[in-house]
Protein chains: 2
Amino acid sequence: MTAYKDLSRAELLEKKSILESEFAKIKAKDLKLDMSRGKPSKAQLDISMGMMDVLDSGSDLTCEEGVDCRNYGVIDGIKEAKQLFADMMEVPKENIIVFGNSSLNVMHDTVARAMTHGIMGNAPWAKLDKVKFLCPVPGYDRHFAITEHFGIEMVNIPMTEEGPNMDQVEELVQADPAVKGIWCVPQYSNPQGITYSDGTVHRFAHLKPAAEDFRIFWDNAYGIHHLYEDKQDKLLEILAECEKAGHPDMVYQFASTSKISFPGAGIASIAASTRNLEEIRKMMSVQTIGHDKLNQLRHVRFFGNLKGMEEHMKKHADIMRPKFEAVLHVLEEELGGLGIGSWIAPKGGYFISFDAMEGCAKAIVAKAKEAGLIMTKAGATFPYGKDPLDSNIRIAPSFPTPEELEIAANVFVLSVKLASIEKLLGDVRG
Amino acid sequence: MTAYKDLSRAELLEKKSILESEFAKIKAKDLKLDMSRGKPSKAQLDISMGMMDVLDSGSDLTCEEGVDCRNYGVIDGIKEAKQLFADMMEVPKENIIVFGNSSLNVMHDTVARAMTHGIMGNAPWAKLDKVKFLCPVPGYDRHFAITEHFGIEMVNIPMTEEGPNMDQVEELVQADPAVKGIWCVPQYSNPQGITYSDGTVHRFAHLKPAAEDFRIFWDNAYGIHHLYEDKQDKLLEILAECEKAGHPDMVYQFASTSKISFPGAGIASIAASTRNLEEIRKMMSVQTIGHDKLNQLRHVRFFGNLKGMEEHMKKHADIMRPKFEAVLHVLEEELGGLGIGSWIAPKGGYFISFDAMEGCAKAIVAKAKEAGLIMTKAGATFPYGKDPLDSNIRIAPSFPTPEELEIAANVFVLSVKLASIEKLLGDVRG
């Protein structure tokens, strides 16, 4: 394979012409493909259908603390659900609060509370002239949407193979009291699939923030979402590390069952220090009498324990692995050696991150769309939707069927080639 | 019956001595009774157990718009759940958003959004020097807790038999741009069981607020929660009235199934104008990808439609009615004509409101507690927990069994009598 940059103009034009006719053929097929969102497939949802049967009208609906889960009460989650999340998140169950569907909701509300009431006696963020969050990039668009919504200034921090660039994180957190938080997806990160190294977690735990109310928003969305049994990343548990470092209050951890049971009907959790949880519980008690306890019970009865959940995750992996491999195979076969894109083969999570030649991401996504393939919007992996290099594209292989996925991957690489050639020829529009 | 105030000091002392020996006997029984919260009883929860069976692993979990309820999507609720709430709240389904468990959560978040982002382009309430809410009293403590939490100044508005004193409401809403809202439980109000008259609803719809972002927080918590088939209050639907009056955006209506299906696993709704809902949907999209759709589907499949829900409510009524009647009977028998308390016999809802002689409520609740009966804290029905007359006590007869309830009611009236005599004798402590 010759890298595109080493081809002559004539060679590029010839390639372009061939690719364009391929592209025309694909367009004619009127495809409707979607690799835009990290959405589980029907096959994945089906493996949790047993959850629909664990509770019925003959079930005892009393939880461990003796409360009838049908009725009011137990604001911070039933004990057995706390235990399940505790085991999953590797923290004591005393450090867990269980919520209803969606950890996104929990993260949003955590920022909202800090805005209106502040954290542990510090000024409400809404009263401050400026509040900043560090945003490792590429990252998760819905995190950035929350901070943007609340008018929080976002600062890009480049990702490395070991996690965010910690030199920059340390410097900014230590120097600037306006820096109140950082968004992290520490394991199988969205979108790169990178797991923070032990060294990175240590450096997080030893941060010396200028702001007393600085918090690490540690969204461990893919903590047990491995693709392989024999190749798994292992993330150091940060709450314990923060405690050891003398900063037990510095982190909020989030997790959910959205991609374990059902995204449309899961349960979510926050893990944090006793003092953080006390404050959250107090504010929660104004917001609700309690989240859906029957669904908490349903999850516990279905999974039994962490072991059961891990067995369940193997079924997810069996469905996801071939999809990832199919996409990676096409990328390797079609783009390997061309020098027009790079990617990481992740060991878990929901995404493959693709870095195109600078200035090509928007054009690639537009081309794919023209051919009937919806990709995540270019720029979405950056705060304010602005990728300074216009390079990163998030590939979400979970939802399409394997057959669709192979077609989709081919449409994608074709779009990459065409956009790259147009760029090299200097005729990329827009 | 001679009114206590017409008894001589000697007669009062004699009565007191008899009542005290009765009280001592009751105390010796070491009772553990609770009439403090509007919590459905086990028997009421049992009538919804069929809901645990309507969805199982063989069910089609696709909703009307063709979305798999197990997966992400449908941020504002599935169509059929919107229809169910629309029929229940008597508004078009286009005016409905369906949420997860607890309308309290929805109300909290509605105030929270107004605090941080304002309503329809108006300044965020958090940026204003002062924000006020009108609070018809006695009212619902959890409403008051929300406004207190956000630092909103609460202004007491006395209730009349037709709803809040509308002269005062009109005057304050029209005169003061800091008045941004009013808390209402318009049908079978908490705690009095009063339903706002048509005239009151009309006057609400024709309010001329000084603040563009004034909103009526219309918590129709007991809209179909009748005690009788033949004696039912009928509330005028306010959204339509506001539209007719040219103020379609002035009201947020709230409802939930907490006291229809399960308090611990229900669904909630907001009904409002198209413009209000557009704004809410936009902000919600930052907070969540969607609430629990399987539980929405479960509710729809179980109730079928409003007719089914109304049939279901008759079963609740059959359980609740004898409890209300038992308490009212004891009140009438034991306190009638004594001039030491008044109450209203409600036709629905969850509470009986008791007005003791001025300055006696705290003493009564303390006495009841001494005898093993927990009542709602005196003052709880007022903002900041401060009943200026120290008179109102909320009685919640739903949770105890009928047997417990009769004992509880007797403990209560005994406490009323004793505290009243002590007051009349001038020896109430504290």
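What you are looking at is a predicted structure, and each value in this text was computed from that prediction instead of being measured.

The rules we used
- Going along each chain's sequence as written, the residues are numbered from 1 onward.
- Both sets of labels track the order of writing: A upward for chains, 1 upward for ligands.
- Under the rules for a predicted model, residues below a pLDDT of 70 receive no local features and side-chain atom pairs below 80 are neither given nor counted, while totals for whole chains, interfaces and linings still include all residues.
- Values reported for side chains reflect all heavy atoms of the structure, with hydrogen atoms and water molecules removed beforehand.
- A run of H or I in DSSP becomes a helix once it reaches four residues, and a run of E becomes a strand once it reaches two; helices and strands are each numbered from the N terminus.
- Radius of gyration: C-alpha atoms only; globule rule: 2.2 Å multiplied by the number of residues to the exponent 0.38.
- Working rule for contacts: check all heavy atoms of both residues, and any pair within 4.5 Å makes them a contact.
- Only four residue types enter the charge count, namely Lys and Arg as positive and Asp and Glu as negative; His and the chain termini do not.
- To locate a charge, the coordinates of NZ of Lys, CZ of Arg, CG of Asp or CD of Glu are taken.
- Once two parts are joined, some of their accessible surface, as seen by a 1.4 Å probe, is lost; buried area is that loss totalled over both.
- A pairing counts as a salt bridge when a side-chain nitrogen of Lys or Arg comes within 4 Å of a carboxyl oxygen of Asp or Glu.
- Only Phe, Tyr and Trp rings are paired, with Trp represented by its six-membered ring, and only when their centres lie within 6.5 Å; those with planes under 30 degrees apart are stacked, over 60 edge-to-face, the remainder tilted.
- Residue exposure (1.4 Å probe, protein chains only): buried if accessible area is under 20% of the type maximum, exposed if over 50%, otherwise partly exposed.
- Placement of a charge over a ring requires the Lys NZ or Arg CZ to be within 6 Å of the ring centre, with the centre-to-atom vector within 35 degrees of the ring normal.
- Least squares is the method for superposing the copies, and the C-alpha atoms it fits come from residues with pLDDT of at least 70 in both.
- Orientation is described by lines fitted to C-alpha atoms, with helices fitted over the stretch in contact, and by angles between N-to-C directions that extend from 0 to 180 degrees.
- Any angle between 65 and 115 degrees counts as roughly perpendicular, while under 35 counts as roughly parallel, over 145 as roughly antiparallel, and the rest as oblique.
- Rotating anticlockwise by less than a right angle from the far helix to the near helix defines a left-handed crossing, while the corresponding clockwise rotation defines a right-handed one.
- For this scheme, ten residues count as nonpolar: Ala, Val, Leu, Ile, Met, Phe, Trp, Tyr, Cys and Pro. Four count as charged, namely Asp, Glu, Lys and Arg, and the remainder, Gly too, count as polar.
- Fitting axes to the seven residues that end at a residue and to the seven that start at it, the angle between those axes gives the bend at that residue.
- What qualifies as a polar contact is a pair of N or O atoms within 3.5 Å, subject to a donor-acceptor requirement within protein and to the restriction that residues adjacent in sequence count only when both atoms come from side chains.
- Directions are taken from the helix axis to each C-beta atom, and the arc is the one they span.
- We treat two strands as partners when DSSP finds at least two bridges between them.

Caption draft 1: Molecular detail of the overall build of chain A. Within chain A, the secondary structure is distributed over 13 helices and 13 strands. Radius of gyration (C-alpha) of chain A: 23 Å, near the 22 Å computed for a compact globule of 430 residues. Principal-axis analysis of the C-alpha atoms gives chain A an extent of 75 × 55 × 35 Å. Contacts in chain A between residues at least 24 apart in sequence constitute 76% of all its contacts with a sequence separation of at least 6. Positive and negative side-chain charges in chain A, numbering 49 and 61 respectively, have mean positions lying 4 Å apart.

Caption draft 2: Representation of unusual backbone geometry. In this model, A:Val137 is joined to A:Pro138 through a cis peptide bond whose omega is -5°. Inspection of the secondary structure puts A:Pro138 in the loop between strand E3 (132-137) and helix H5 (141-149). Positive phi, close to 55°, is recorded for B:Asp30, a residue that is not glycine. For B:Asp30, the location among the structural elements is in the loop between helix H1 (9-28) and strand E1 (33-35).

Caption draft 3: Geometry of the environment of A:Leu335. Residues and elements named next belong to chain A. Within the element layout of this structure, Leu 335 appears in helix H11 (residues 306-335). Taking C-alpha positions, Leu 335 is 44 Å from Phe 99, a pair spaced 236 residues apart along the chain. If near-sequence neighbours (up to four positions away) are discounted, Leu 335 is found in contact with Val 330, Ile 340, Trp 343, Phe 354, Val 413, Val 416 and Lys 417.

Caption draft 4: Structural detail: the interface of chain B and chain A. Between chain B and chain A, the residue contacts involve 56 residues of the former and 56 residues of the latter. Together chain B and chain A conceal approximately 4,600 Å² of surface at their shared face, both sides included; 56% is due to carbon and sulfur atoms. Per-residue buried area on chain B facing chain A is highest for B:Arg70, B:Tyr72 and B:Val286; these three make up 17% of the total on that side. At the surface where chain B touches chain A, the tally comes to 2 salt bridges. The partner of A:Asp46 in a salt bridge is B:Arg70, with the nearest N and O atoms 2.8 Å apart.

Caption draft 5: Quick peek at the packing of aromatic side chains. Under the defined criterion, the tally for this structure stands at 30 aromatic pairs over all chains. Judged by centre distance (5.9 Å) and plane angle (25°), the ring pair of B:Tyr222 and B:Tyr350 falls under stacked. Taken together, the residues span a long stretch of sequence, with B:Tyr222 in the loop between strand E7 (215-219) and helix H8 (238-244) and B:Tyr350 in the loop between strand E10 (341-343) and strand E11 (352-356) at a distance of 128 residues. For the pair B:Tyr222 and B:Tyr350, a shared accessibility class is recorded, and that class is buried. An aromatic cluster of at least three residues, connected via ring pairs, comprises A:Trp125, A:Phe133, A:Trp183, A:Phe217, A:Tyr252 and A:Phe254. Over the ring of A:Tyr252 we find A:Arg215; its NZ or CZ atom is 5.7 Å from the centre of that ring. Positioned above the aromatic ring of B:Tyr350 is the side chain of B:Lys259, whose terminal nitrogen or guanidinium carbon lies 5.1 Å from the ring centre.

Caption draft 6: Looking closely at the relation of the copies chain B and chain A. Note on the copies: chain B fits chain A at an RMSD of 0.0 Å, the axial shift is 0.0 Å, and the rotation between them is 180°. Taken together, the rotation angle and the small translation identify this as a two-fold axis. A share of 100% of interface residues in chain B that are also interface residues in chain A marks the association as one of identical surfaces.

Caption draft 7: Inspection of the packing of helix H4 (residues 103-117) of chain A against H5(A) at higher detail. Residue and element names in this part refer to chain A. Direction vectors running N to C along H4 and H5 enclose 25°, while the axes themselves pass 10 Å from each other. It follows that H4 is roughly parallel to H5 by the angle criterion. Crossing hand, H4 versus H5: right-handed. Across the interface between the two elements, Leu 104, Met 107, His 108 and Val 111 from H4 touch Arg 142, His 143, Ile 146 and His 149 from H5. Tallied by class, residues from the contact of H4 with H5 come to 4 nonpolar, 3 polar and 1 charged.

Caption draft 8: Molecular detail of the side chain of B:His312. Residues and elements named next belong to chain B. Tracing the sequence through the fold places His 312 in helix H11 (residues 306-335). On the basis of relative accessible area, His 312 is assigned to the buried category, the value being 4%. Those residues in contact with His 312, other than ones at most four positions away along the chain, are Ile 47, Ser 48, Ile 260, Phe 302 and Phe 303.

Caption draft 9: Representation of the environment of A:Ala24. All names here are of chain A. For Ala 24, the location among the structural elements is in helix H1 (residues 9-28). Taking the relative accessible area as the measure of exposure, Ala 24 reaches 44% and is therefore partly exposed. Expressed as a C-alpha distance, the spacing of Ala 24 and Met 89, which sit 65 residues apart in the sequence, is 49 Å.

Caption draft 10: Representation of H11(B). At B:Met320, H11(B) shows its maximal kink, close to 30°; a proline, B:Pro322, follows between one and four residues later. The distance from a side-chain oxygen at the start of H11(B) to the backbone nitrogen of B:Lys307 is 3.1 Å, and the residue carrying that oxygen is B:Asn305.

Caption draft 11: Layout of helix H7 (residues 198-205) of chain A. Residues and elements named next belong to chain A. Within the span of H7, buried status applies to Thr 200, Val 201, Phe 204 and Ala 205. For H7, the angular spread of the buried residues around the axis is 135°, confining them to a single face. Against strand E5 (163-164), helix H6 (166-175), strand E6 (179-184), strand E7 (215-219) and helix H8 (238-244) lie the buried residues of H7.

Caption draft 12: Quick look at the sheet that holds strand E4 (residues 153-160) of chain A. Residues and elements named next belong to chain A. Taken in spatial order, the 8 strands of this open sheet run E2-E9-E8-E7-E6-E3-E4-E5, and their pairing is mixed. The open sheet has two edge strands, strand E2 (96-98) and E5, and neither has a second partner. Two strands pair when backbone bridges link them, and E4 and E5 are joined in this way by 2 bridges, in the antiparallel orientation. Bridging across to E5, Thr 160 finds its partner in Gly 163. The strands touched by helix H9 (residues 274-287) within the sheet are E2, E7, strand E8 (251-256) and strand E9 (268-271), with E2 carrying the most contacts at an inclination of about 25°.

Caption draft 13: Looking closely at the sheet that holds strand E8 (residues 251-256) of chain B. Residue and element names in this part refer to chain B. Strand order in this open sheet of 8 strands is E2-E9-E8-E7-E6-E3-E4-E5, and the pairing throughout is mixed. The sheet terminates laterally at strand E2 (96-98) and strand E5 (163-164), the two strands that pair on one side only. As defined by bridge partners, E8 adjoins strand E9 (residues 268-271) across 4 bridges and the pair is classed as antiparallel. Residue Ser 256 lies in a different strand from E9, and its bridge partner there is Ala 268. Along the sheet face, helix H6 (residues 166-175) touches strand E3 (132-137), strand E4 (153-160), E5 and strand E6 (179-184) and points at about 150° away from the line of E4.

Caption draft 14: Inspection of the pattern of salt bridges at higher detail. The full count for this structure, using the stated rule, is 50 salt bridges over all chains. Note that B:Asp6 and B:Lys5 form a salt bridge whose closest N and O atoms lie 3.4 Å from each other. For B:Lys5, a relative accessible area of 64% puts it in the exposed group. Taken together, the salt bridges that share partners define one network made up of A:Lys42, A:Asp46, B:Asp68 and B:Arg70.

Keep in mind that these numbers describe shape and distance, not what the molecule does.
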